[in-house]
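Tertiary structure, described
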Amino acid sequence: MSVPPDSSQLVLRSTRVVTPEGTRPASVTVAGGRITAVLPHDAEVPAGARLQDFGDDALLPGLVDTHVHVNDPGRSEWEGFWTATRAAAAGGVTTLLDMPLNSLPPTTTVDHLRVKQDVARSKAHVDTGFWGGAVPGNVAELRPLHDAGVFGFKCFLSPSGVEEFPELDAGQLEAALTEIASFGGLLIVHAEDPAHLSAAPQRAGGRYADFLASRPRAAENDAVALLVRLARQLDARVHVLHLSSADALPMIAEARREGVRLTVETCPHFLTLTAEEVPDGATEFKCCPPIRERENQDALWQGLADGVIDCVVSDHSPCTADLKTPDFRDAWGGISSLQLGLPAVWTEARRRGHSLDDVVRWMSGGPAALAGLAAKGAIAPGRDADFAVLAPEQTFTVDPAALHHRNRVTAYAGRTLHGVVRSSWLRGEQITDHSRPVRTSGRLIERNPA
């Protein structure tokens, strides 16, 4: 009588396995939800193990997205843990971190964190963790939130768009960062200077050029300069969120050469969409900071190539369709791309001569390192067996009806992209098949103690 395969023993095989040492043919062995070895492609399959051969489809480490607005509870009509994590899984994202605002309550106290965790626990298709929030008056809450396992603290330097999550002024920013530095925490910052935004023209209407003028590059540049100064002064860890202005890159590079502990992210929409192509009235393209001009995009790609930008994450910030009015001044700002980030970035990366190794470094390894997720972000022994299987040469046209996030508004509608996610795997279990969910096995995760 034949012995059935041991489902806890798994071998994943591909001619293109993206490892920290480069892409190569390999067989990846898995047991107990962890990668046990990366072997030659023709390695013998252990007795009783189950073999999954992906042929020429690429085997990537599952993506890590550290910038997702789930909005649940409180604004779950905008998005929710069930729909957001399902969209993530369909796009090859196996770990995400939820932003502290847009939910009610915001994640600014331990009690509020527990509320959010209770809502998320039974709904997560992928591993899910949480950022805390730094807002006026909650300095005393920061250490307890850190001890409760949040990955760091988000703040705004300009209005966030929701009244329950106010911005910090310069004094409040310094006080929060001083406290966070005292326990070795991380502050992540929406960096736009409010004085520049107040001075910029704020015109109603559907002209994208008017909206772009309302969020000048100088607002980002001066806010980043403030963060550099404080990070240097306090020897603090600071991360710049969704960098849009490439003008700030030389300043960031210089600060890092001096040893300032500053990291930076950008987003798929800044790397793949340009101001020149945004139609008037098309507020599905609105985000803050904004999509800028083509030459600015070229400089962001150079920043990635030079290692000045550490990672690429979605800033998935959805809303109900009615909030995307045709008026750029009044429409909600946010782009929904959780399911499409990998093919969007890969499409432009391959055009510019970059490899899948680069994309994996930016969208998996980099975000995992930012969050201190030592078990994520690479196909290597001891890591979690989280994978995305990608057909890199295959194309598809974005159909909003095929997206899994709650409100199917997307700036990518009708675009043809390279890279079809065949399946996603979480700790050795397949969780999607051609974007269809197979099982829900996500866990709530916390910051690893130092």
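Our subject is the structure listed above.
Residues numbered from 1 in each chain as written. Predicted model: local features only at pLDDT ≥ 70, side-chain atom pairs only at ≥ 80, totals over all residues. Heavy atoms only, no water.

Within the chain one finds 12 helices and 18 strands. What you see for the chain is a C-alpha radius of gyration of 21 Å, in line with the 22 Å of a compact globule of 450 residues. Based on the C-alpha atoms only, the size of the chain along its principal axes is roughly 80 × 45 × 45 Å. Sorting the 450 residues of the chain into buried and exposed places 59% on the buried side. Considering the chain, the positive charge centre built from 43 side chains and the negative charge centre built from 56 side chains are found 3 Å apart. (Helix = DSSP H or I, 4+ residues; strand = E, 2+ residues; numbered from the N terminus. Rg over C-alpha atoms; globule rule 2.2 N^0.38 Å. Buried < 20%, exposed > 50% of the residue type's maximum accessible area, 1.4 Å probe, protein only. Lys, Arg positive; Asp, Glu negative; His and termini not counted. Charge placed at Lys NZ, Arg CZ, Asp CG, Glu CD.)

Our focus in this paragraph is the pairing of strand β11 (residues 186–190). Counting buried residues along β11, five of its five residues qualify, which places the element largely inside the surrounding structure. The alternating pattern of β11 places L186, I188 and H190 on one face and L187 and V189 on the opposite face, and all of these are buried. Where strand β10 (residues 153–156) and β11 come together, four bridges link them in parallel fashion. Counted as the bridge partner of F156 is H190 from β11. Note that the unit made of β10, helix α4 (residues 170–182) and β11 has a crossover that is right-handed. Examined bridge by bridge, β11 and strand β12 (residues 237–240) share four bridges and lie parallel to one another. If you follow L186 over to β12, its bridge partner there is R237. (Pairing = 2+ DSSP bridges. Right-handed = clockwise from strand over helix to strand, strands pointing away.)

The next subject is unusual backbone geometry. With an omega dihedral of 10°, the bond running from L104 to P105 counts as a cis peptide bond. Within the secondary structure, P105 sits in the loop between β7 (93–98) and α2 (110–120). A cis amide bond links C288 to the next residue, P289, at an omega of 0°. Looking at the element boundaries, P289 is found in the loop between α9 (268–272) and α10 (294–305). Despite not being glycine, H242 has its phi angle at roughly 30°, a positive value. By the secondary structure assignment, H242 is in the loop between β12 and α8 (249–257).

For any pair of aromatic rings, the description rests on two quantities: the centre-to-centre distance and the angle between the ring planes. The final tally for this structure, using the stated rule, is nine aromatic pairs. With 6.1 Å between their ring centres and 75° between their planes, F54 and W425 make a pair best called edge-to-face. Within this pair, whereas F54 is found in the loop between β4 (50–53) and β5 (58–61), its partner W425 is found in strand β16 (residues 416–426), the two being separated by 371 residues in sequence. Across this residue pair, the class does not change: F54 and W425 are buried. Through pairs of rings, three or more aromatic residues link up here, namely Y208, F211 and F328. Taking NZ or CZ as reference, R75 lies 5.4 Å from the ring centre of W78, over its face. (Phe/Tyr/Trp six-rings, centres within 6.5 Å; stacked < 30°, edge-to-face > 60°. Lys NZ or Arg CZ within 6 Å of the ring centre and 35° of its normal.)

So, on to the packing of helix α3 (residues 139–147) against α4. The interhelical angle for the contact between α3 and α4, taken along N-to-C directions, is 30°, at an axis separation of 9 Å. In terms of axis orientation, α3 runs roughly parallel to α4. Like other packed secondary-structure pairs, α3 and α4 cross with a definite hand, here right-handed. Contacts between α3 and α4 pair V139, L142 and R143 from the former with A175, A176, E179, I180 and S182 from the latter. Split by residue class, the contact of α3 with α4 holds five nonpolar, one polar and two charged. (Axes fitted to C-alpha atoms, helices over the stretch in contact; angles between N-to-C directions. Parallel < 35°, antiparallel > 145°, perpendicular 65-115°, else oblique. Left-handed = near helix turned anticlockwise from the far one by under 90°. Contact = heavy atoms within 4.5 Å. Nonpolar A, V, L, I, M, F, W, Y, C, P; charged D, E, K, R; others polar.)

So, about the side chain of S158. Note on placement: S158 falls in the loop between β10 and α4. Other than its neighbours up to four places away in sequence, S158 contacts E167, H190, E192, P194 and L197.

Another aspect to go through is the sheet that holds β7. Strand order across the open sheet formed by three strands is β6-β7-β8, with parallel pairing between neighbours. Two strands bound the open sheet, and with one partner strand each, they are β6 (63–68) and β8 (127–130). On average, adjacent strands in this sheet sit at an angle of 20° to one another, irrespective of strand direction. Relative to β7, β6 runs parallel, the two sharing four bridges. Residue pairing in the sheet places D65 in a bridge with L96 of β7.

Another aspect to go through is the environment of L168. Position of L168 relative to the elements: it lies in the loop between β10 and α4. When the C-alpha positions of L168 and P105 are compared, they lie 18 Å apart, and in sequence the two are 63 residues distant. In contact with L168, not counting residues within four places along its chain, are A134, V135, P136, C155, F156, L157, L173 and A176.

Before going further, it helps to examine the sheet that holds β11. The strand order across the open sheet formed by six strands is β9-β10-β11-β12-β13-β14, and the pairing between neighbours is parallel. One side of each edge strand has no neighbouring strand; the edge strands of this open sheet are β9 (132–133) and β14 (311–312). Strands β11, β12 and β13 (262–266) of the sheet are contacted by helix α7 (residues 217–234), whose axis makes an angle of about 165° with β12.

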